[in-house]
Amino acid sequence: MALQIVAMPNMALSYWRLLVPLAITTPLLILILIPLYCHYSDARATRLRYVIVPNYIYNFVLQKLYSRIVLRPLSRILPKPSFISPRLLGTPAWPLKANHETFRALGTDNFLTVSPGGNIFNTADAGVISQILAQGAGFPKAIQIYKSIAIFGQNVVSSDGPTSKYHRRLTGPAFSEKNNRLVWQVALDQTQTMIQTFRGPGGEFQTAQKIVSSILRMSLEVLGRTTLGQVEWTPEVSDDNPSKVSPRAESTKVGFVENLEFFMANIVSIMVAKSGPWWVQYFAPILLSPEKLGPYDLLRQHMVEIIKAKKHAIQSGVAGTSTTDLIAQLIKGHDDEIIGSPQPSRLGDSELMGNLFAFIIAGHETSANSIHFTLVYLAMHPDVQQKAQGEMETVFQGRPASEWEYESSFPKLYSGLVGAVLKEALRLNSPVLTIPKVVSPTAKPLIIEGKGVRLAPGTIIRLCVPSVHRNPKFWPQGPPADSTKPLSSSFNDLDEFKPERWLKYQAGKGNSPTRNGPEFGTANIQNNSSHFTPIQGSYVPFSDGSRACLGQRFAQVEIMAVLARIFSQYSVELAVDEWAEDEGVLGMTLAEKRMVWHKAHEKAKYTLQNDLTCIITVQLNGTSIPLRFVEKGQERFFDL
Ligand code: HEM
């Protein structure tokens, strides 16, 4: 009896000894090791190279926790990870940090990352990319990754199959040549307005510290006054024309642009809170401050008012339902009363709102960031800037901007050095980091490095844009500017901004032309054949195939107009305020100016290499490269 009394606690103890490890290892096995083993087996079956990484980058919530709890403390104590380390490859933005280096180090342009959450096929191979983009049904858009774009409702960007086809059919006609002409004119005007904001009280130019937010505002105005059908975000100017829609809601007090800025500043929290799993959505309002989530409700309120105002304008006959007016088209797709007959598939309320949001985001951040990087590159390369200015003088012959015709000016600019500048800036800093696709059960095997490879259905594919854009197999290249300090370890100039590479290597020398993206409205614009034509799949800033960017021509026209307006009258320089005062620069010798400019140039180069991030689009990570606009002829650093 006494023995029993002593043995019972011991037995309980040994149960615990068994239970505790079981309780730990069972979920570990079920959630981590078994799926990891299955994914590892799938990866081995492909005979492709693979790297096992600790986490699945497309599990947004776990990814955030992993980067906060594991990566951030680790990166403080461990040395910089190598280009093939699981620590780097477990982060979503690794192609931004590694460019083509990871592929080079692995000795292949195609590899898998294997994790408990799933496998990802990464490619920087033009041949594979073009196979994937050509097989729209076999490799559809990975819409599960776009949940965060659908926080106001399904839309053309976040949907697939018949839904996305319907959304594209409805919204595509808004991107017509008629609209491009308007984009050209509006962008010329808005650029001039933006430039004036960089002047000080005495009219002299000051350093543009927050240039990105000025460009974002300008780009939003261009989008609002063109494709969105005369939405003017700045309300004062719209009173003269009642057909214009100005979203200054009495109820919201904050202007649309300011609200969109708050929204974008808190976008990560908003997206986690609105598109995360149910338990995250449940706890988010408790854990996150109202300042973080408030902009979501305000933006919704604004969009409701924009739609209401447009409906009112249409019903009262002040505005038409022109095919070039995207909001009118969305309303038409939603509302029987306006079109008169029921549509076979109508947009729901949330889809109307979802599309408006998607177009606002897709249509201004991308262009604005491209304009910003293009200006930075031109400021860093005054020689290219001067040549581009010379070309503009030839095109415009001293005529005022009001006489620059879209039909004649745009093709000339786009086919010359100015077009090459944009193409090169998009090659280096494409706003879209990777294009995600998914393997469908009907996908045909891919021919990879000469062999047929069948990827497991459900595998996510990442077309790594910065990597293929720098893949030496597909691009004409020269030696790096400074072979002792090349930007990458590959000893070529593909990390450098050299627009002349588009002009030097003529089309047709062993290169097949790329297919063109948009389905609508680009027929009468000639793609100039004097530019180098990259082989299919090697240059994809706008993607390609059935899900290519709808706003490709819109963006090209807008950016050409912005560059033309700026550089026909002004120059852009790297600001040197950190090292010298304006008065000081005036009294400097050539050698002193060279020294100070070199410092600004080195800092800008460092920032472009190290301080980029991707939050929806590629942008600077909480830092800036200060620029200074100057009247043409007043440049301070062009004679170095
Ligand atoms: C330089 C500027 C731009 C770049 C580099 C760019 C790039 C891209 C890329 C790569 C995609 C495909 C994304 C994916 O499949 O994951 C895309 C899609 C899209 N873009 Fe753009 N874009 C730009 C400007 C614009 C503009 C100005 C608009 C509209 C005004 C626009 C509207 C769209 C839409 C609606 C889609 C979704 C198409 C679909 O899924 O069927 N984009 N863009």
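Residues numbered from 1 in each chain as written. Predicted model: local features only at pLDDT ≥ 70, side-chain atom pairs only at ≥ 80, totals over all residues. Heavy atoms only, no water.

Caption draft 1: Local environment of the UniProt feature "transmembrane region" (unreviewed entry) in the protein. Here the UniProt feature "transmembrane region" (unreviewed entry) sits at residues 18-40. Split by type, residues 18-40 is 100% helix and 0% strand. Its first and last C-alpha atoms lie 29 Å apart. (UniProt positions renumbered as here; feature names shortened; annotations may be inferred. Helix = DSSP H or I, 4+ residues; strand = E, 2+ residues; numbered from the N terminus.)

Caption draft 2: Structural context of the sheet that holds strand 2 (residues 110-115). One open sheet accounts for 5 strands, arranged 1-2-3-7-4; its pairing is mixed. Pairing within the sheet leaves two strands with one partner each, and these edge strands are strand 1 (49-52) and strand 4 (434-438). Each adjacent strand pair in this sheet contributes to an overall mean axis angle of 25 degrees, direction not counted. Of the pairings in the sheet, the one linking strand 2 to strand 3 (residues 118-123) comprises 6 bridges and is antiparallel in character. By the bridge assignment, threonine 113 is partnered in strand 3 with isoleucine 120. (Pairing = 2+ DSSP bridges. Axes fitted to C-alpha atoms, helices over the stretch in contact; angles between N-to-C directions.)

Caption draft 3: Looking closely at the packing of aromatic side chains. All chains considered together, the criterion is met by 26 aromatic pairs. Centroid distance tryptophan 184 to tyrosine 406: 6.2 Å. Interplanar angle 50 degrees. Geometry classified as tilted. Of this pair, tryptophan 184 sits in helix 8 (residues 177-196) while tyrosine 406 is found in helix 18 (residues 406-415), placing the two residues 222 residues apart along the sequence. According to the relative accessible area criterion, tryptophan 184 is buried, its value standing at 1%. The exposure class assigned to tyrosine 406 is buried, which follows from its relative accessible area of 3%. A network of ring pairs unites the aromatic residues Phe152, Phe263, Tyr296 and Phe357 as a single cluster. Of note, lysine 141 hangs over the ring of tyrosine 146, and the distance from its end group to the ring centre comes to 4.6 Å. Above the face of the phenylalanine 205 ring, arginine 199 is positioned so that its terminal group lies 4.2 Å from the ring centre. (Phe/Tyr/Trp six-rings, centres within 6.5 Å; stacked < 30°, edge-to-face > 60°. Buried < 20%, exposed > 50% of the residue type's maximum accessible area, 1.4 Å probe, protein only. Lys NZ or Arg CZ within 6 Å of the ring centre and 35° of its normal.)

Caption draft 4: Structural detail: the layout of surface pockets. Roughly 770 Å³ of internal volume is contained in the second largest pocket. The wall of the second largest pocket is formed by 31 residues, among which Val212, Leu216, Met264, Ala265 and Gln619 lie closest to the centre. Taken together, the elements giving at least two residues each to the lining of the second largest pocket come down to helix 9 (211-225), helix 10 (256-265), helix 11 (267-275), helix 16 (349-380), strand 9 (612-615) and strand 10 (617-620). Per element, the largest residue contribution to the lining of the second largest pocket is 6 residues, and it comes from helix 9. A per-class count over the lining of the second largest pocket returns 13 nonpolar, 13 polar and 5 charged. (1 Å grid on protein atoms, 1.4 Å probe; cavity = no way out; pocket = protein on both sides within 12 Å on 5 of 7 lines; lining within 4 Å. Points joined across faces, edges and corners; volume = space filled by probe spheres on them. Nonpolar A, V, L, I, M, F, W, Y, C, P; charged D, E, K, R; others polar.)

Caption draft 5: Local environment of the coordination of the iron atom of the ligand. On the protein, Cys549 (SG) is the one donor atom to the iron atom of the ligand, at 2.3 Å. Of note, cysteine 549 is situated in the loop between helix 21 (501-504) and helix 22 (552-567). (Donors = N, O, S within 2.8 Å, 3.2 Å for Na, K, Ca; no water.)

Caption draft 6: Broad picture of the side chain of glutamine 63. By the secondary structure assignment, glutamine 63 is in helix 2 (residues 60-77). Engagement of the side chain of glutamine 63 in a polar contact is seen with the side chain of asparagine 55, the distance being 2.4 Å. Look past the residues within four positions of glutamine 63 in its chain and what remains in contact with it is Asn55, Tyr56, Ile57, Gly90, Thr91 and Pro92. (Polar contact = N/O pair within 3.5 Å; in protein donor to acceptor, adjacent residues only side chain to side chain. Contact = heavy atoms within 4.5 Å.)

Caption draft 7: Just the UniProt feature "binding site: heme" (unreviewed entry) in the protein, in detail. Under the local residue numbering, the UniProt record ascribes the feature "binding site: heme" (unreviewed entry) to Cys549. Given a relative accessible area of 29%, cysteine 549 falls into the partly exposed group.

Caption draft 8: Geometry of the packing of helix 8 against helix 18. At a minimum axis distance of 10 Å, the contact between helix 8 and helix 18 shows a crossing angle of 80 degrees. Taken together, helix 8 and helix 18 sit at an angle that is classed as roughly perpendicular. Residues Glu177, Asn180, Arg181 and Trp184 of helix 8 touch helix 18, and the partners they reach there are Tyr406, Glu407, Ser409, Phe410 and Leu413. A per-class count over the contact of helix 8 with helix 18 returns 4 nonpolar, 2 polar and 3 charged. (Parallel < 35°, antiparallel > 145°, perpendicular 65-115°, else oblique.)

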